[in-house]
Amino acid sequence: AVVSTQSTGEEDWMRSLPRHLGRKPYLRSPSMRPVDWSVMGRKGTEPGFLMNPTGIAVDEQCVAICEEGNSRVQIFVEDESEYCITSLANPCGIAMSHDNIFVSDTDRHVVKIYGRFALEVAVLGGPGTSKGRFKEPRGIAFNPANGDLAVCDTENHRVQIFDVEGNLVKCMGTKGKERGNFKEPISCAYDKWGRLLVSDHCNYRVQIFDSHYQYITDFGKYGKSSGEFWGVNGLCSHINGDILV
């Protein structure tokens, strides 16, 4: 279920995405301050301040941060400027490609796609339980190797994969403890080998899938000792392949 925000009549959201918009053309904040790259923000609502940050994405020029408390995404750019994306209800997850920013707007049960001018160009999903729809999506990840977009469909207890043309590639799992199933997946990431890592929050584990989305293995269990989890939230993969949870 894809709804394009352009008046093209197409249901393929990638048809309406600007492909080569260049760099740093976000909606600029009226209040500029130099960015301290060692510490970003403090509690507040003004530009450069943060309230309940829930997601982060980086590329070679900027750091983008989802703020649940301020219902926005702030982008801190290496030239010491700041930019902002608003019109979000509850942004929780974020990912970036070369041309676009993907944000999971959890309370609206959608993933919003923005061009590099902070223009909302398309919306993926909508409330529901059928394939292609979401119930409170959170973590998302973009695979630069093939353009796949993974979405943690948290309250539907599954992960959905979409290709570069917006087609549903895979709907992974259902509610359960078995391998390949999930209980409230919160976040996901691709590693350097193209494997998909999923934090299976209420099953207290991280599951790993190959580049064809077949189950490989998992690790973790409930507990407070080394290698155990008390709920699994964010995760990422280091450039060397290490998994940080």
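Novice: Tell me about unusual backbone geometry, and name the residues and values.
Specialist: One non-glycine residue, Ser87, lies in positive phi territory at about 65 degrees. Tracing the backbone through its elements, the reader meets Ser87 in the loop between strand S5 (82-85) and strand S6 (91-96). On the accessibility criterion, Ser87 (46% relative accessible area) is partly exposed. You will see that Tyr213, though not glycine, has its phi angle at about 70 degrees, which is positive. Its location among the elements puts Tyr213 in the loop between strand S16 (205-209) and strand S17 (215-219). Judged by its relative accessible area of 6%, Tyr213 is buried.

Novice: Before we move on, can you summarise the nonpolar core with the specific residues and values?
Specialist: By size, the foremost hydrophobic cluster in this structure holds 16 residues, and its most contacted members are Val73, Ile75, Ile85, Ile94, Ile101 and Val103. Taken together, the elements giving at least two residues each to this core come down to strand S3 (62-67), strand S4 (72-77), S5, S6 and strand S7 (101-105). When sequence neighbours within four positions are dropped, the list of residues in contact with Ile94 reads Gly55, Ile56, Ala57, Ala64, Cys66, Val73, Ile101, Phe102, Val103 and Ile140.

Novice: Give me the environment of Thr86: which residues, what numbers.
Specialist: The residue Thr86 is located in the loop between S5 and S6 in this model. Accessibility expressed as a relative area gives 42% for Thr86, which makes it partly exposed. Among residues more than four places away in sequence, those in contact with Thr86 are Ser71, Arg72 and Tyr114.

Novice: Break down the pairing of S3 for me, citing the residues and quoting the values.
Specialist: Two faces, one strand: in a regular strand the side chains alternate between the faces of the sheet. Summarising burial for S3: six of the six residues are buried, a large majority. Side chains of S3 alternate between two faces, with Cys62, Ala64 and Cys66 and Val63, Ile65 and Glu67 buried alike. In this structure, strand S2 (residues 53-58) lies alongside S3, joined through five bridges in antiparallel fashion. Along S3, the bridge assignment pairs Gly55 with Cys66.

Novice: Which residues make up the sheet that holds strand S15 (residues 196-200), and what are the values?
Specialist: If you trace the four strands from one edge of the open sheet to the other, you get S14-S15-S16-S17, paired in antiparallel fashion. What marks the edges here is a single partner per strand, and that holds for strand S14 (185-190) and S17. On average, adjacent strands in this sheet sit at an angle of 20 degrees to one another, irrespective of strand direction. In this structure, S14 lies alongside S15, joined through five bridges in antiparallel fashion. Bridge pairing in S15 places Ala189 opposite Leu197.

Novice: I'd like a rundown of the pattern of salt bridges, residues and numbers included.
Specialist: Here the idea is simple: oppositely charged side chains can pair when their charged atoms come close. Under the criterion given, the structure shown has ten salt bridges. Here Glu136 makes a salt bridge to Arg138, at a shortest N to O gap of 3.4 Å. Classification of Arg138 as partly exposed rests on a relative accessible area of 23%. In this structure, the salt-bridge partner of Arg205 is Asp200, at a minimum N-O distance of 2.8 Å. As far as the burial class goes, Arg205 and Asp200 line up, both buried. A cluster of three or more residues bridged by salt bridges with shared partners is formed by Asp105, Arg108, Lys112 and Glu120.

Novice: Describe the layout of surface pockets, with residues and values.
Specialist: If a probe the size of a water molecule is rolled over the atoms, the empty space left behind becomes visible. In this structure, the largest pocket spans a volume of roughly 1,200 Å³. Lining the largest pocket are 40 residues, with Ile56, Ile94, Cys188, Ala189 and Cys236 positioned closest to its centre. Where the lining of the largest pocket is concerned, the elements lending two or more residues are S2, S6, strand S10 (137-142), S14 and strand S18 (236-237).

Novice: Before we move on, can you summarise the sheet that holds S10 with the specific residues and values?
Specialist: Spatially, four strands are ordered S10-S11-S12-S13 in an open sheet, and the strand pairing comes out antiparallel. The two strands at the open ends of the sheet, each matched to only one other strand, are S10 and strand S13 (168-172). Each neighbouring strand pair of the sheet contributes to a mean axis angle of 15 degrees, computed without reference to strand direction. Note: strand S12 (residues 158-162) against S13, four bridges, orientation antiparallel.

Conventions we followed
- Residues numbered from 1 in each chain as written.
- Predicted model: local features only at pLDDT ≥ 70, side-chain atom pairs only at ≥ 80, totals over all residues.
- Heavy atoms only, no water.
- Helix = DSSP H or I, 4+ residues; strand = E, 2+ residues; numbered from the N terminus.
- Buried < 20%, exposed > 50% of the residue type's maximum accessible area, 1.4 Å probe, protein only.
- Core = buried A, V, L, I, M, F, W, Y, C linked by side-chain atoms within 4.5 Å.
- Contact = heavy atoms within 4.5 Å.
- Pairing = 2+ DSSP bridges.
- Axes fitted to C-alpha atoms, helices over the stretch in contact; angles between N-to-C directions.
- Salt bridge = Lys/Arg side-chain N within 4 Å of Asp/Glu carboxyl O.
- 1 Å grid on protein atoms, 1.4 Å probe; cavity = no way out; pocket = protein on both sides within 12 Å on 5 of 7 lines; lining within 4 Å.
- Points joined across faces, edges and corners; volume = space filled by probe spheres on them.

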